[in-house]
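Each chain, written out:
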Amino acid sequence: MSQSPFITEVLTDLKQQYVELVDDAKAFYQEYDTLYGLYAKEVARIEEINLQVATIQAYKKEHGVYPQIKDQPNAESYLTELMEIKDKAEHNLRTLEPSVIEGFQRRRKHIQAISDAIIEHVVKEKDLNKFLTTIMLRAPLEQDHTRCANNEKTKPLYVAAMAGKFLMQLADNGLIEDDFILARVPKWVSNKDNPKQQELDPEMLEDFKVHVLQPVVQAALIHNIGSYSIDAERVYCGNRYRALDEPARKELVRFIYDNTLNYLKYGLGDPATKPDPNLSEEEQEVEQESYRLLQTFLANYSKALHPLGNVVRIPMIYSSFMLSTKANHNFLILFKAYDILSSGISKAVIHADYAKAFKKMVGRYPLGTGIFFISKETHVPERAVVIGLNP
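Just so you know, these numbers come straight off a predicted model, no measurement behind them. As a convention, each chain's residues are numbered from 1 in the sequence order in which they are written. For this predicted model, a pLDDT threshold of at least 70 governs which residues receive local features, and a threshold of 80 or more governs which side-chain atom pairs are given and counted, while totals over whole chains, interfaces and linings are taken from all residues. For side-chain calculations, the full set of non-hydrogen atoms in the structure is used, while hydrogens and water are omitted.

1. Points about a nonpolar patch on the surface
Line of reasoning, step 1. Only residues whose relative accessible area exceeds 30% and that form no salt bridge are eligible for patches; like-charged ones are grouped when within 9 Å, while nonpolar side chains (Val, Leu, Ile, Met, Phe, Trp, Tyr) are grouped when within 5 Å. Each accessible area is a Shrake-Rupley estimate made with a 1.4 Å probe; only the visible protein chains count as cover when residues are assessed. Salt bridge, as used here, is a side-chain nitrogen of Lys or Arg placed within 4 Å of a carboxyl oxygen of Asp or Glu. Side chains of Leu137, Val385 and Ile387 sit close together on the surface and give an oily, nonpolar patch of about 300 Å² of accessible area.
Line of reasoning, step 2. Helix numbering and strand numbering both begin at the N terminus, where a helix is a DSSP run of H or I of at least 4 residues and a strand a DSSP run of E of at least 2. By the secondary structure assignment, Ile387 is in the segment after strand E4 (381-385).

2. Regarding helix H3 (residues 125-138)
Line of reasoning, step 1. With 14 residues, H3 extends 20 Å from end C-alpha to end C-alpha; this agrees with the ideal 20 Å at 1.5 Å per step.
Line of reasoning, step 2. Note on classification: 1.4 Å probe, protein chains only; a residue is buried when its accessible area is under 20% of the maximum for its type, exposed when over 50%, partly exposed between these limits. The complete set of buried residues in H3 reads Leu128, Asn129, Phe131, Leu132, Thr133, Thr134, Ile135 and Met136.
Line of reasoning, step 3. Contact partners of the buried residues in H3: helix H1 (7-63), helix H2 (75-122), helix H4 (147-172) and helix H10 (307-322). To estimate the expected span of a helix, count its residues, drop one, and scale the result by 1.5 Å. When checking whether two residues touch, look at their non-hydrogen atoms; a contact exists if any pair is within 4.5 Å.

3. Topic: the packing of H2 against H3
Line of reasoning, step 1. Close contact between H2 and H3 brings their axes to 6 Å; oriented N to C, the two are set at 120°. In terms of orientation, H2 lies oblique with respect to H3. Counted together, Ile118, Glu120, His121 and Val122 of H2 and Glu125, Asp127, Leu128 and Phe131 of H3 form the full contact between these two elements.
Line of reasoning, step 2. In this count, Pro and Cys sit with the nonpolar residues alongside Ala, Val, Leu, Ile, Met, Phe, Trp and Tyr, while Asp, Glu, Lys and Arg are called charged and the others, Gly among them, polar. Residue composition of the contact of H2 with H3, by class: four nonpolar, one polar and three charged. Whenever a helix is involved, its axis is fitted only over the stretch in contact; in every case the axis is a line through C-alpha atoms, and angles between N-to-C directions fall within 0 to 180 degrees. Here the angle decides the label: under 35 degrees means roughly parallel, over 145 means roughly antiparallel, 65 to 115 means roughly perpendicular, and every other value means oblique.

4. Describing the pattern of salt bridges
Pairing between side chains of opposite charge can happen when the charged atoms of each approach one another.
Line of reasoning, step 1. A complete count under the given rule lists 15 salt bridges for this structure.
Line of reasoning, step 2. We note a salt bridge from Lys209 to Glu120, for which the minimum N-O separation is 2.8 Å. Here Lys209 is found in helix H6 (residues 202-222), whereas its partner Glu120 is found in helix H2, with 89 residues between them in sequence.
Line of reasoning, step 3. When the shortest N-O distance is used, the salt bridge between Glu206 and Lys209 registers 3.5 Å. Taken together, the residues Glu206 and Lys209, both in helix H6 and three residues apart, mark about one turn of the helix.
Line of reasoning, step 4. By relative accessible area, which is 43% here, Glu206 ends up partly exposed.
Line of reasoning, step 5. Look at the salt bridges and you will find they share partners, linking Asp24, Glu102, Arg106 and Arg107 into a network.

5. Describing the packing of H3 against H4
Line of reasoning, step 1. Across the interface, H3 lies against H4 with an axial gap of 10 Å and an inter-helix angle of 150°. Taken together, the axes of H3 and H4 are roughly antiparallel relative to one another. For the crossing formed where H3 meets H4, the hand is left-handed. Contacts between H3 and H4 pair Glu125, Leu128, Phe131, Leu132, Ile135 and Met136 from the former with Thr154, Leu157, Tyr158, Ala161, Met162, Lys165 and Gln169 from the latter. Crossing handedness: left-handed means the near helix sits turned counterclockwise from the far one by under a right angle, and right-handed means the same turn made clockwise.

Given below as structure tokens:
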């Protein structure tokens, strides 16, 4: 029986895989205008033509005649023109599609390998505690010149693991209202080999991992991927860690958000673009719902009070204190993260019930931090490291 790798080895491997994901994203954005952007335009052109044709035909069905169309001699010739344009667009799509689909498949495989490894640590709290604590203990100190670059590569792994666990606890506490998620929350059952021991239903847990945890973990992993776009790089001016004035910061946030959604749609791709022929119709519908969930997390993490958006938003805010990429950083600010969340609740910039649940999960003292306490046994000050969630 092979020995499980040390957590440090797991984290080193995941960090390298994430760096490769980022490098591929940079290439995606470099190619966007000449490949993915053209693909997007042709898809949009076909969708627009289909909509126009459907509207014209619906009018004829209702009124018995074709409508008058502005600047067109008649509807019939306009329909012929539309179909010619559609034929050309479909021809262009057939030319572009092989490269685009290959990109979809390659990136999905890559991000799934990362998220699978993270999820295996999320489902068991003991493993997750070790995962998160080790990230914090290995993080560079505030004066280390590699801190910003290192934290930038590690933070997505931290946010992804936190978001996955957070979603599980929200579901356990009855705070999730999404029917697709609720139908897949695994129930506690007796272990087959040891009936006195309780475990999460293995079959339901597997379904939950694939169709619920995968979307939230992947959303957390790529929520900032748009920061590697050409638009964002123009704002950074060669320094990703410099302080920005408010107008530049707002512009950067918009660029990151828009380009992240472009990456989701044209980098990872919608499963409906080329459905897996090996899946039944019902299985394809589940895959589509899982993708819808991923879209929901990514499209709404910037919205202050959106419930599912906050599943990513709150861990993202918290991690900005734990693994800061700001040039000027004081390590002691880690201990203020708990109070910052409290302030966020009072200012209505985060979902109150979700933030309270998150605060309860992480506790006042972050994982991996050192504390002094008065021992109940010895009644003298002692030192310890926080190593567990849900204190």
